[in-house]
Structures are given as structure tokens and as C-alpha cells.
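Observations on chain architecture
Given next are the chains, with one letter for each unit.
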Amino acid sequence: MSTSLPPAIFIMGPTASGKTGLALELARHFPCEIISVDSALVYRGMDIGTAKPSTEELAAVPHHLIDVIDPAESYSAARFREDALRLMGEITGRGKLPLLVGGTMLYYRALEQGLSDLPEADVRLRKALEEQMEKQGLEALHQRLKKVDPESASRIKPTDPQRILRALEVYELTGSPLSEHYAKQERDPLPYRALRIALIPSDRGLLHQRIEMRFDQMLQQGFVDEVRHLYTRGDLDDSMPAIRAVGYRQVWQYLEGEWDYDTMRHKGIVATRQLAKRQLTWLRSTEGLEIYDSECLDRAELVDHVRSFLSSTDQAS
């Protein structure tokens, strides 16, 4: 990538890997503005379960793409890309450094590679597909995908419900297989020189412990009451993207009486660990990342590395 492009910093990593702390550390050394890359932080009124930055943290550094929509609304990767590029341009124009922080990997991919012209999620169709999955099993849906889109079926694991459902959804909505949409995708490169930092823990067990501790802390802070407030609004249900967020869906089902408190806690922790596993899989399969062990991160060393990166960008310009 050309060194004449303006700089940006990406901090990626699984949930509970220390991304926010590192971002605030970098902001103490460089004139940064933070852009959230998190599909749950966009929602207003969803603070505890998303581990939203505190009032003090938000005041210390300008933050963007936090609290931008109501939970009844949806927010797509395409909209994220549009918003992020606009914000990055404004931040650069102010002579500051765009610092993108979060764990929604689809958003990073959309930002760096552009998006194919895919339809937005259809809540009713998705719910119907999920009901089919519950009745027929995931393998039956994967077999169906093989018939309508064999190329996508060969790429998507039979154990990956999210991608199987999305591929079938796209086919049902457009009449064309997902693979055909991707084939038409025009690569739209990011007009920035990005330092892409990935925090990947060397000890998965410690990450799991932190996830459990953080979930328990959320419960102590009033997570159930936060979800109860959403539940009693009357205009939301568990098919909506906001309520499907990790943790929120489990508490929602607890409020509906599907299971007791201890089961909800267990399922919430398991769901968060599964999210972290998906994030780690994506990170390990992505080329060009500078990987740091989140368990023994030398922040001073990383600050020096960022300073060198910015210095090389300045010299090129």
C-alpha cells in the first residue's frame, strides 16, 4: 500500500481482549479520535451488556458510531462503511488520527474491501429459516444450499448456521446465489494506510475466565434490568438484530421464562465464548495483521511502533 496515503490505526481482537484499554493508551500519546467498529455499540440504551465505554472514557477522547440508532432500527455493514469513511475523512481533515476499535470483523472487511450489492436482512424471512432449521436441522439447510448455491455450500461449513442462513436468505430475496453476488463485487480499496493491530491471547483459558468475570460483572451492574426495560417497551422482539446481540438474547429469553437465572447466566457466557472463537478464527485467517499477545502486551513498545509508523507516513508525504 502506498505510503502517501493518510494513516489510520485499527485495533482488532476478540471480546474482552483489552481493545478499549489499548485505544485509550494510544489516545494519550497521539491526537486520535476513536471510531467504534462494534455492531452493538451503535444502539442507544444498550450500555451494560455491550460493555460500552464509560462516561469518563467517552469524555477523554472523541468517540464516534456509539449511540447512533434506536434498538428498533437496523444498522448494516454497508451503512457502517459509509459512515466510517465519512468520519475518517473528517478526522483526517482536522489533522487527527482515525483510530478504529472493535470486534465486528464483517465491518472491517466491508471497510477495506467494499461490499457486494446484497439485500439487507429480512426479519420475517430469517425467522422462517430459523424455524426450518429448528424443525429439520442445520444439515438439511446446508443440503438445500448445495442445490441452489453449490459454490457457497463448499465454502461454508455445515456447522455454521449464521452463514448458511444468510446465504439462503440472499438466494430467497434475490433469486441469485450468494456466490454470484460476490463474483460481481468490485473491490473498492480503502484510501488509507492502515496499521492493523490484532490482540490475540496466547492462553484461551484466561480469555474464557475474563469473559465469565465480565459477564458476571454486567449482571451485578444491572444487565437484567437493562434488558427488562427493552422488553417492556413492547415494540421489540428477539428476531431484531439489537436483541440478537450476545447476552441480550439470553437475558431476553430468561425474561420470557424459557429458563432460570443460572441457565441464562451459563448460556450468556457460552454464547460470548463462541463469539470470541469466531472472532479469533477470522483474525487468524486474515493476512497482513500485526499480532500481539493480549496476555503480555508491552504497551510502551507498541506506542513506539505506532510512532514509527506515523513517522514513515509523514516522511512519505
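The present account deals with the structure reproduced in this document. (Residues numbered from 1 in each chain as written. Predicted model: local features only at pLDDT ≥ 70, side-chain atom pairs only at ≥ 80, totals over all residues. Heavy atoms only, no water.)

A look at the pairing of strand β4 (residues 97–101)
With 5 of its 5 residues buried, β4 lies for the most part within the structure. Neither face of β4 is open: one carries L97, L99 and V101, the other P98 and L100, and all of them are buried. One ladder, built from 3 bridges, connects strand β1 (residues 7–12) with β4; its direction is parallel. Among the inter-strand pairings, I9 is bridged to a residue of β4, identified as L99. Pairing of strand β2 (residues 32–36) with β4, which is carried by 5 bridges, proceeds in the parallel orientation. Counted as the bridge partner of I34 is L99 from β4. (Buried < 20%, exposed > 50% of the residue type's maximum accessible area, 1.4 Å probe, protein only. Helix = DSSP H or I, 4+ residues; strand = E, 2+ residues; numbered from the N terminus. Pairing = 2+ DSSP bridges.)

Focus on the pairing of β2
Counting buried residues in β2 gives 5 out of 5 residues, a clear majority hidden from the surface. With burial as the criterion, each face of β2 is covered, one bearing C32, I34 and S36 and the other bearing E33 and I35. With 2 bridges joining them, β2 and strand β3 (residues 63–64) adopt parallel strand pairing. Counted as the bridge partner of I34 is H63 from β3. Taken together, β2, helix α2 (residues 55–60) and β3 constitute a β-α-β crossover, and its handedness is right-handed. (Right-handed = clockwise from strand over helix to strand, strands pointing away.)

Focus on the sheet that holds β4
Spatially, β3-β2-β4-β1-β5-β6 is the arrangement adopted by the 6 strands of the open sheet, whose pairing is parallel. Edge positions in the sheet fall to β3 and β6 (290–292), since each has one partner strand and no second. Each of β1, β2, β4 and β5 (193–199) is contacted by helix α1 (residues 19–29), which is oriented at about 155 degrees to β1, the strand it contacts most. (Contact = heavy atoms within 4.5 Å. Axes fitted to C-alpha atoms, helices over the stretch in contact; angles between N-to-C directions.)

So, the pattern of salt bridges
Taken as a whole, this structure holds 20 salt bridges when the rule is applied. Salt-bridge contacts for R228 lead to D225; the nearest nitrogen and oxygen are separated by 2.6 Å. Placement of the pair is R228 and D225 together in helix α11 (residues 223–231), with a separation of 3 residues, close to one helical turn. For R228, a relative accessible area of 34% translates into the label partly exposed. Residues participating in the shared-partner salt-bridge network are R79, D83, R86 and E90. (Salt bridge = Lys/Arg side-chain N within 4 Å of Asp/Glu carboxyl O.)

Some remarks on the environment of H29
Counting through the fold element by element, H29 comes out in helix α1. For the pair H29 and V303, spaced 274 residues apart in sequence, the C-alpha to C-alpha distance is 7.6 Å. Residue contacts for H29: discarding those within four places in its chain leaves V303 and R307. Side-chain polar atoms of H29 contact the side chain of E25, separated by 3.2 Å. (Polar contact = N/O pair within 3.5 Å; in protein donor to acceptor, adjacent residues only side chain to side chain.)

Thoughts on the packing of helix α6 (residues 138–148) against helix α8 (residues 161–174)
Axis angle and axis distance: for two packed helices, these are the angle between their axes and the distance between the axes, and together they describe the pair. At a minimum axis distance of 10 Å, the contact between α6 and α8 shows a crossing angle of 45 degrees. Considering their axes alone, α6 and α8 lie oblique with respect to each other. In the packing of α6 onto α8, the handedness of the crossing is left-handed. Across the interface between the two elements, L138, L141, H142, R144, L145 and V148 from α6 touch P161, I164, L165, A167, L168, Y171 and E172 from α8. (Parallel < 35°, antiparallel > 145°, perpendicular 65-115°, else oblique. Left-handed = near helix turned anticlockwise from the far one by under 90°.)

Comments concerning the environment of V68
Along the chain, V68 turns up in the loop between β3 and α3 (77–93). Each C-alpha atom, one on V68 and one on A271, is 25 Å from the other, the two residues being 203 residues apart in sequence. Among residues more than four places away in sequence, those in contact with V68 are V42, R44 and Y75.

Focus on the nonpolar core
Ranked by size, the top nonpolar core spans 56 residues in total, and within it F10 and F223 carry the most contacts. Of all the elements in the fold, those that place two or more residues in this core are β1, α3, α4 (105–113), β5, α10 (204–221), α11, α12 (248–255) and α13 (261–284). Residue contacts for F223: discarding those within four places in its chain leaves I48, G49, F215, M218, G247, Y248 and V251. In terms of nonpolar packing, the next biggest core, distinct from the first, is built from 23 residues, I11, L22, L24 and F30 among them. (Core = buried A, V, L, I, M, F, W, Y, C linked by side-chain atoms within 4.5 Å.)

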